[in-house]
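Summary of the model geometry
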Amino acid sequence: MTPRLLVRDLEQLATPAGREAPLRGRALGEVEVLEDAYVLCRGDTIEAVGRMRDLPSLDGDVEELSARGLCAVPGLVDCHTHTAFGGDRVDEFSLRAGGASYEELHARGGGILSTVRATRAAGADGLRDAVRRHASWMRAHGTTTFEGKSGYGLDRETELASLWAVRESGGVPTWLGAHAVPPEFDGDTDAYLDFALGDVLPEAAKVAEAADVFLERGAFDATQARRYLEACRDAGLALRLHGDQFTEQGAIPLAVELGARSVDHLEATGDAGVRDLAASDVVGVLLPASALFLGRPMPPARALVDAGAAVALATDFNPGSAFCESLPLCCSLAATQLRLSPAEALSACTVNAAHVLERSDRLGRLAPGYRADLVLLDVPDWRYLAYHLGGDLVERTIVAGELP
Ligand code: NIG
Ligand code: FE
């Protein structure tokens, strides 16, 4: 008999409505709220949700969990993290606090390249430990599914070890082979791409689900990004881009043309970019913790949603531009900085984020047939998820029907 778990007496249950994905426009803010609710799980799947007064009598063995005073939301989905790294950037953080800019530090060989040195030095075992530790931090904040990028190895061995470390920790691996040009290529970006696409891609494509590129001044230009992405697409990977973070370099038109899954960042996106993204199937991934951490402008989230674009919300967890693993904090930033409602923020880091990872048929909602991933919040109203800035809200996280 498959074990059953009844989470009963919930103060509130909140879930994005319907079964569609991605949610756009008004539908992004349509969250269904049940008061005095239950969730019944059978094995790893939700069997039923409803109000306590409608709970049928249950035959057979059912484990019960009282959730009196708690609210349930779907397990949170973090669709953009750089969790595979060694070391930290606390020295650089302190320099930035004193006025040095992120781009200056990057140009001086600090920034991403300093994490590349530490990540190579960590080795496969060190990386596995690091990703496991980072995943446990995310879980403590209610994240039940995370994507994790490579991109701090930039040699064959460390890139592949990064992807395996993400996969072995239960994450969804993305090959960020075009994050920076490592020092041994002496600034020769095309020679680095020859190496990455010739020597790393064939193996990376066996582990990763998607490929990602940093399309930006001082990183990869649109021609190089196109070359990288086309080769990755031909190897069977889905496509993602870091685009419009500091400057617009053609990321949105390229993403639309190549049928990418997402363009992430968008802090520098102008009106034409908003229009083009809204008219496409490419998801705009909003990373407000990164904009906050670097003191950059926020992405035009309200304009994107109002224009009909599909948006998701993610942490961008990494040691340099967003040392933040908390999606609830990102929900607060969405409400206070991006002018999204708590409901829009919830849909953006559940069903729409699951869509970016091609898992929206199973993840991102509390409804029959979805995976039994629930976050129980110790709050009187589920909107505290966005309201309580930096609050310690998560009482318990249930993954695939298993109590922690
Ligand atoms: O998404 N922009 C490029 N990559 C990361 C930051 C990497 C780093 O600073 O280590 C980002 O912000
Ligand atoms: Fe990123």
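Summarised in this report is the structure supplied together with it.

Cut-off values and rules
Residues numbered from 1 in each chain as written. Chains lettered and ligands numbered in written order. Predicted model: local features only at pLDDT ≥ 70, side-chain atom pairs only at ≥ 80, totals over all residues. Heavy atoms only, no water. Helix = DSSP H or I, 4+ residues; strand = E, 2+ residues; numbered from the N terminus. Rg over C-alpha atoms; globule rule 2.2 N^0.38 Å. Buried < 20%, exposed > 50% of the residue type's maximum accessible area, 1.4 Å probe, protein only. Areas by Shrake-Rupley, 256 points an atom, 1.4 Å probe, with all protein chains shown as cover. Donors = N, O, S within 2.8 Å, 3.2 Å for Na, K, Ca; no water. Patch = residues over 30% accessible without salt bridge, like charges linked within 9 Å, V, L, I, M, F, W, Y side chains within 5 Å. Salt bridge = Lys/Arg side-chain N within 4 Å of Asp/Glu carboxyl O. Lys, Arg positive; Asp, Glu negative; His and termini not counted. Charge placed at Lys NZ, Arg CZ, Asp CG, Glu CD. Pairing = 2+ DSSP bridges. Right-handed = clockwise from strand over helix to strand, strands pointing away. 1 Å grid on protein atoms, 1.4 Å probe; cavity = no way out; pocket = protein on both sides within 12 Å on 5 of 7 lines; lining within 4 Å. Points joined across faces, edges and corners; volume = space filled by probe spheres on them. Nonpolar A, V, L, I, M, F, W, Y, C, P; charged D, E, K, R; others polar. Phe/Tyr/Trp six-rings, centres within 6.5 Å; stacked < 30°, edge-to-face > 60°.

With that settled, the discussion passes to the overall build of the protein chain. In terms of helices and strands, the protein chain carries 14 helices and 15 strands. A compact globule built from 404 residues would reach a C-alpha radius of gyration of about 22 Å, and the protein chain, at 21 Å, matches this within 12%. Along the first, second and third principal axes, the C-alpha atoms of the protein chain reach 70 × 45 × 45 Å. Across the 404 residues of the protein chain, 59% fall into the buried class. Looking at the protein chain as shown, the accessible area adds up to about 15500 Å², and 47% of this sits on carbon and sulfur atoms.

Here the focus is the coordination of the iron ion (ligand 2). Looking at the metal site, the iron ion (ligand 2) is ligated by His80 (NE2), His82 (NE2), His242 (NE2) and Asp316 (OD), spaced 2.1 to 2.2 Å from it. Taken in chain order, the donor set of the iron ion (ligand 2) reads H-x1-H-x159-H-x73-D. Comparing His80 with His82 shows no difference in burial state: the two are buried.

What follows concerns a negative patch on the surface. A contiguous patch of negative charge on the surface is contributed by Asp186, Asp188, Asp190 and Asp221. Of note, Asp221 is situated in the loop between strand E9 (210-214) and helix H6 (222-234). On the accessibility criterion, Asp221 (37% relative accessible area) is partly exposed.

This paragraph deals with the pairing of strand E12 (residues 283-286). Residues Val283 and Val285 of E12 are buried on one face, and the alternating residues Gly284 and Leu286, pointing to the opposite face, are buried as well. Note that strand E11 (residues 262-265) and E12 share three bridges and pair parallel. Bridge assignment links Asp264 to a residue of E12, and that residue is Val285. Handedness of the crossover is the feature at issue here: the chain leaves E11, passes through helix H8 (residues 271-278), returns alongside E12, and the resulting connection is right-handed. The sheet contact formed by E12 and strand E13 (residues 311-313) spans three bridges and is parallel. Bridge assignment links Val285 to a residue of E13, and that residue is Ala312.

Tallied over the full model, the rule gives three cavities of 30 Å³ or more. Size it by volume and the largest cavity reaches roughly 100 Å³. If you trace the largest cavity, you find 13 residues lining it, with His82, Tyr102, His179, Asn318 and Ser321 closest to the centre. Considering only residue class, the lining of the largest cavity consists of four nonpolar, seven polar and two charged. Quantified by volume, the second largest cavity comes out at close to 50 Å³. If you go around the second largest cavity, the residues you meet are Pro74, Gly75, Val77, Thr144, Thr145, Arg362, Leu363, Gly364, Arg365, Arg371 and Asp373. Tallied by class, the residues present in the lining of the second largest cavity amount to three nonpolar, four polar and four charged.

Glancing now at the packing of aromatic side chains. This structure, assessed with the given rule, holds 13 aromatic pairs. Consider the rings of Phe185 and Tyr192, whose centres lie 5.4 Å apart with planes at 75°: the pair is edge-to-face. Comparing Phe185 with Tyr192, the two get one shared label, buried. Consider the rings of Tyr384 and Tyr387, whose centres lie 5.1 Å apart with planes at 85°: the pair is edge-to-face. Taken as a pair, Tyr384 and Tyr387 lie in helix H14 (residues 384-387) at a separation of three residues, close to a single helical turn. Overall, the relative accessible area of 26% leaves Tyr384 in the partly exposed class. Relative accessible area serves as the criterion here: at 63%, Tyr387 is assigned to the exposed category. A connected cluster of aromatic rings, assembled from ring pairs, spans Phe85, Trp137, Tyr152, Phe317 and Phe323.

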